[in-house]
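Topology and contacts: notes
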Amino acid sequence: MNETFEPQIVAYCCNYCAYAAADLAGSMRLSYPSNVKVIQVPCTGRVDILYLLRAIEDGADGIYVAG
Amino acid sequence: MIVADRKSLDEIQEMIKDYKKILLVGCKGCVTVCNVGGMKEVQVLSSILKIARKKEGRELQVEERTIERQCDFEYVEQLRADCDRFDAILSMACGVGPQFLAEAFPSQKIYPALDTKFFGGAVQHGIWEERCAGCGTCVIHFYDSLCPIARCAKSLQHGPCGGSANGKCEISEDVDCIWDIIVRKKMEQERLEDLRTYRAFKDWRSARDGGPRKSIREELVQ
Ligand code: SF4
Ligand code: SF4
């Protein structure tokens, strides 16, 4: 694998915890890597196998479910 | 309902390896109920096949359709207008579906994505069990509506055999001996005498032994 490989990560974040935390981090001016793409979901229970598959299908290298 | 399992990804990929554009057809009947060939499973398989093909560095186009029933030409007909746009059709119905598609579209290549298993029902979420073998002449009224044809490993009509132990069948600890259940129920209801009745041989010609079967309802035939 090439040294500069940066995986594209899709992060499905629960509105009430992980997404709120990311939001708070934002208002505290903390940064996170730009290859992590945050997607807000009402609850991680809403995350369906199709969300994971479609993300991979469209080029994501990894998926992160946070909640 | 008819219960099926999805074939392995390897087997499905092998069937469609030469094609670039396929139509993946689900069925809203039995296979939707047993979570193996409905709209959701069509979407999931479509995505998995596309990802798998991408890993090989090639592209696969999949169009998804889920029709009311594949065992009914009336619904199969809905695919006719589009069917020639594809290299092949992959059916997610029971074994009846791909055959109806093959009959309706003789010039198209049709493949099954499922292994069709049995007639049964869900005994708990995610677990289905066989209950009927479609023998064509139902005899379960002799056995308190418990079917020894489908549920006894030997289809005995005068069981249990010597392999029945502690309520289990000799083939596996996981399989209940249906004859143990039948006898127990007869004893509980004080009707054990029923099992002493002499009966004529079962006519197996109405089962698969008589060749492919057909049912004709004169009043419905035009
Ligand atoms: S094609 Fe098979 S799965 Fe679909 S409704 Fe008919 S019998 Fe059931
Ligand atoms: S006796 Fe035949 S038709 Fe009746 S439930 Fe058993 S297999 Fe099915």
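Residues numbered from 1 in each chain as written. Chains lettered and ligands numbered in written order. Predicted model: local features only at pLDDT ≥ 70, side-chain atom pairs only at ≥ 80, totals over all residues. Heavy atoms only, no water.

Comments concerning the nonpolar core
All names here are of chain B. Among the nonpolar cores identified, the biggest contains 25 residues, and Ile16, Ile22, Leu24, Leu45, Leu49, Leu90 and Met92 are the most heavily contacted of them. Contributions of two or more residues to this core are made by strand E1 (2-6), helix H1 (9-16), strand E2 (21-27), helix H3 (39-55), strand E4 (88-91) and strand E6 (114-124). Those residues in contact with Leu45, other than ones at most four positions away along the chain, are Arg6, Leu9, Ile12, Leu24, Leu90, Met92 and Ala113. Judged by nonpolar contacts, the second largest core, of 15 residues, contains Tyr143, Leu146, Ile178 and Trp179. (Core = buried A, V, L, I, M, F, W, Y, C linked by side-chain atoms within 4.5 Å. Buried < 20%, exposed > 50% of the residue type's maximum accessible area, 1.4 Å probe, protein only. Helix = DSSP H or I, 4+ residues; strand = E, 2+ residues; numbered from the N terminus. Contact = heavy atoms within 4.5 Å.)

Brief notes about the pattern of salt bridges
All names here are of chain B. Summed over all chains, the structure comprises 24 salt bridges over all chains. Measuring nitrogen to oxygen at the nearest pair gives 4.0 Å for the salt bridge that ties Arg53 to Glu56. Given a relative accessible area of 5%, Arg53 falls into the buried group. Of the charged contacts, one joins Glu77 and Arg80 as a salt bridge, the two residues approaching to 2.4 Å between their closest N and O atoms. Accessibility expressed as a relative area gives 39% for Arg80, which makes it partly exposed. Among the charged side chains, a salt-bridge network with shared partners connects Glu63, Arg65, Asp82 and Arg85. (Salt bridge = Lys/Arg side-chain N within 4 Å of Asp/Glu carboxyl O.)

Some thoughts on the state of the cysteines
Residues and elements named next belong to chain B. The final tally for this structure, using the stated rule, is zero disulfides over all chains. Unpaired in this structure, Cys83 has its nearest cysteine sulfur neighbour in Cys27, at a distance of 17 Å. Taking relative accessible area as the criterion, Cys83 reaches 4% and is therefore assigned buried. (Disulfide = S-S within 2.5 Å.)

Quick word on the site of ligand 1
Residues in contact with ligand 1, as listed here, are Ile2, Cys27, Gly29, Cys30, Val31, Arg69, Gln70, Cys71, Ala93 and Cys94 of chain B. Looking at the shell around ligand 1 residue by residue, the classes come out as seven nonpolar, two polar and one charged. (Near = heavy atom within 4 Å. Nonpolar A, V, L, I, M, F, W, Y, C, P; charged D, E, K, R; others polar.)

Focus on the sheet that holds strand E3 (residues 62-66) of chain A
All names here are of chain A. Across the sheet, three strands lie side by side as E2-E1-E3; this open sheet has parallel pairing. Bordering the open sheet on either side are strand E2 (36-41) and E3, each of which pairs with just one other strand. On average, each strand axis in the sheet is inclined to that of its neighbour by 20°, with strand direction left out of account. Taken together, the six bridges between strand E1 (residues 9-14) and E2 define a ladder with parallel strand orientation. (Pairing = 2+ DSSP bridges. Axes fitted to C-alpha atoms, helices over the stretch in contact; angles between N-to-C directions.)

Considering the packing of H1 of chain B against H3 of chain B
Residues and elements named next belong to chain B. Running from N to C, H1 and H3 cross one another at 70°; their axes reach a closest spacing of 11 Å. As far as their axial angle goes, H3 and H1 are roughly perpendicular. Taking contact as the criterion, the partners of Leu9, Ile12, Gln13 and Ile16 in H1 are, on H3, Leu45, Ile48, Leu49, Ala52 and Arg53. (Parallel < 35°, antiparallel > 145°, perpendicular 65-115°, else oblique.)

As for the environment of Tyr198 of chain B
Residues and elements named next belong to chain B. Within the secondary structure, Tyr198 is located in the segment after helix H8 (178-188). Judged by its relative accessible area of 82%, Tyr198 is exposed. Separated by 40 residues in the primary sequence, Tyr198 and His158 place their C-alpha atoms 10.0 Å from one another.

Topic: the site of ligand 2
Within the structure, ligand 2 sits among Cys132, Ala133, Gly134, Cys135, Cys138, Val139, Ile140, Cys147 and Ile149 of chain B. Residues belonging to the shell around ligand 2 are distributed by class as follows: eight nonpolar, one polar and no charged.

Comments concerning the interface of chain B and chain A
Residue-level contacts link nine residues of chain B with nine residues of chain A. Summed over both sides, the interface between chain B and chain A buries roughly 730 Å², with carbon and sulfur atoms accounting for 60% of that surface. If you look at where chain B meets chain A, you find two salt bridges. The partner of Asp48 of chain A in a salt bridge is Lys40 of chain B, with the nearest N and O atoms 2.8 Å apart. Across the chain B-chain A interface, the total number found is four residue pairs in polar contact (both at pLDDT 80 or more). In terms of residues, the side of chain B that touches chain A owes the most to one element, H3 of chain B, which gives eight residues. A class-by-class count of the residues in the side of chain B that touches chain A yields three nonpolar, two polar and four charged. (Buried area = accessible area lost by both parts, 1.4 Å probe. Polar contact = N/O pair within 3.5 Å; in protein donor to acceptor, adjacent residues only side chain to side chain.)

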